[in-house]
Amino acid sequence: MRAVFLTTDDAEKIADFQERSGYKDGYSEKVLSSSLNNDNNFFLALVEDGIVTLIEFSLAGDTADIEEVLVLPKMRRKGYAFSVLGTAEEFIKSKGAKKIFLEVRKSNLPAIGLYEKAGYRKISERKKYYPNGEDALVFIKEI
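Nothing here was measured: the structure is a model prediction, and the numbers come from that model. (Residues numbered from 1 in each chain as written. Predicted model: local features only at pLDDT ≥ 70, side-chain atom pairs only at ≥ 80, totals over all residues. Heavy atoms only, no water.)

Student: Just checking my understanding: could you explain the overall build of the protein chain for this structure?
Tutor: Looking only at helices and strands, the protein chain has four helices and seven strands in total. Counting from the amino terminus, helix and strand elements in the protein chain follow one another as β-α-α-β-β-β-α-β-α-β-β. Taking 2.2 N^0.38 as the reference for a compact globule, 143 residues should give roughly 15 Å; the C-alpha atoms of the protein chain span a radius of gyration of 14 Å, in line with that estimate. Its C-alpha atoms give the protein chain principal-axis dimensions of about 35 × 35 × 30 Å. Within the protein chain, contacts between residues separated by at least 24 positions form 58% of all contacts whose residues are at least 6 apart in sequence. Charge centroids of the protein chain, computed over 22 positive and 23 negative side chains, lie 6 Å from each other. (Helix = DSSP H or I, 4+ residues; strand = E, 2+ residues; numbered from the N terminus. Rg over C-alpha atoms; globule rule 2.2 N^0.38 Å. Contact = heavy atoms within 4.5 Å. Lys, Arg positive; Asp, Glu negative; His and termini not counted. Charge placed at Lys NZ, Arg CZ, Asp CG, Glu CD.)

Here is the structure:
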């Protein structure tokens with residue numbers, strides 16, 4: 001398994017992966033292409049015969065925001081999300097960021113466990129943040 005940064009040529013693969021991973025808030029290829037063309041947005045994947053795990057994040061000044069961490073259902077609970085998160089954090093730190101933020105659905109207990117294991121801490125809650133009205137928890141990690 002190897003970590004690779006994805007490019008605009010990978011927009012279709014990302015959209016397909018989002019669907020296969022069960023991500024309900026996925027983006028269209030057009031939106032993904034636009035995001036991939038932004039020098040502050042990054043898509044990092046673990047690949048082995050295709051994308052297995054994907055993390056999207058953005059950088060702005062001394063902060064980073066993790067937008068999504070996705071793993072194929074059959075590959076979950078094997079440490080891949082933790083691995084890609086660590087690789088992304090190393091890259092983020094190399095670019096001078098000091099803090100990483102993320103939001104996670106309050107009901108997504110596996111993801112919350114992952115972030116806590118990786119050293120993130122909850123700093124606030126956003127009521128009715130998601131389109132379905134679910135609350136989001138906001139986490140931070142200082143690096």
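On we go.
Student: When you look at the nonpolar core in this model, what are you seeing that I'm missing?
Tutor: What tends to happen in soluble globular proteins is that the nonpolar side chains get buried as a cluster. Formed by 44 residues in total, the largest nonpolar core has its most connected members in Leu-54, Ile-55, Phe-57, Ile-66, Tyr-115 and Tyr-120. Every residue in contact with Ile-55, bar those within four places of it in the chain, is listed here: Phe-42, Phe-43, Leu-44, Ile-66, Glu-68, Val-69, Val-84, Leu-85 and Ala-88. (Core = buried A, V, L, I, M, F, W, Y, C linked by side-chain atoms within 4.5 Å. Buried < 20%, exposed > 50% of the residue type's maximum accessible area, 1.4 Å probe, protein only.)

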